[in-house]
Amino acid sequence: MIVALCVIAAGLAGWYVAAGFGRTTPTPDVIARTQAEAERVLAKSGLTLEVREEAFSEDVPAGRIISTDPVPGEGVREQGTVGATLSRGPERYAVPDVAGMSPADATTAVTEAKLAVGASIQVFDDQIPAGQVVGTDPAIGTEVRPGRSEEH
């Protein structure tokens, strides 16, 4: 009786892996492809793509796949879904227009823009009163990485 149960269990396990719900196929490599390209590649293997999140990337251009779950080469259930993270491109923020603001207000504006305030230098300006910000380096409107220091 125990032998018969073991044979049945082994048979079911074999079926599950070889022909049943446990059958898998290797995940195709769609890293750095556009979403449309990735969908076509996966469809050829009977798989679908699900973009689960978007993230900034310094290395992968916007609109392309950063990573997949499962990773390329790892087994995924046949007719299954491959999750993906889609690139938003590099994270950049514009230097805010702080000219004419007080140093405290300029600091608030810069930090709210996800940038960091760098060293301040005093300069003379014919049009902006003493004690107010004249400008920034890099220039107002320049797109920079988050946390980058700006001077004013």
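That block above? That's the structure.
Below is a short write-up of the structure. (Residues numbered from 1 in each chain as written. Predicted model: local features only at pLDDT ≥ 70, side-chain atom pairs only at ≥ 80, totals over all residues. Heavy atoms only, no water.)

Here we take up the side chain of Thr 25. On the secondary structure map, Thr 25 appears in strand β1 (residues 24–26). You can call Thr 25 buried: its relative accessible area is 18%. Leave out the neighbours within four places in its chain, and Thr 25 touches Ser 45, Leu 47, Glu 74, Gly 75, Val 76 and Glu 78. (Helix = DSSP H or I, 4+ residues; strand = E, 2+ residues; numbered from the N terminus. Buried < 20%, exposed > 50% of the residue type's maximum accessible area, 1.4 Å probe, protein only. Contact = heavy atoms within 4.5 Å.)

On to the sheet that holds strand β3 (residues 65–69), then. An order of β2-β5-β3 is seen for the three strands of this open sheet, with the pairing classed as mixed. Each edge of the open sheet carries a strand with a single partner, namely β2 (48–55) and β3. With direction set aside, neighbouring strand axes in the sheet form an average angle of 30°. Pairing of β2 with strand β5 (residues 81–87), which is carried by seven bridges, proceeds in the parallel orientation. (Pairing = 2+ DSSP bridges. Axes fitted to C-alpha atoms, helices over the stretch in contact; angles between N-to-C directions.)

In short, shape yes, function no, at least from these values alone.
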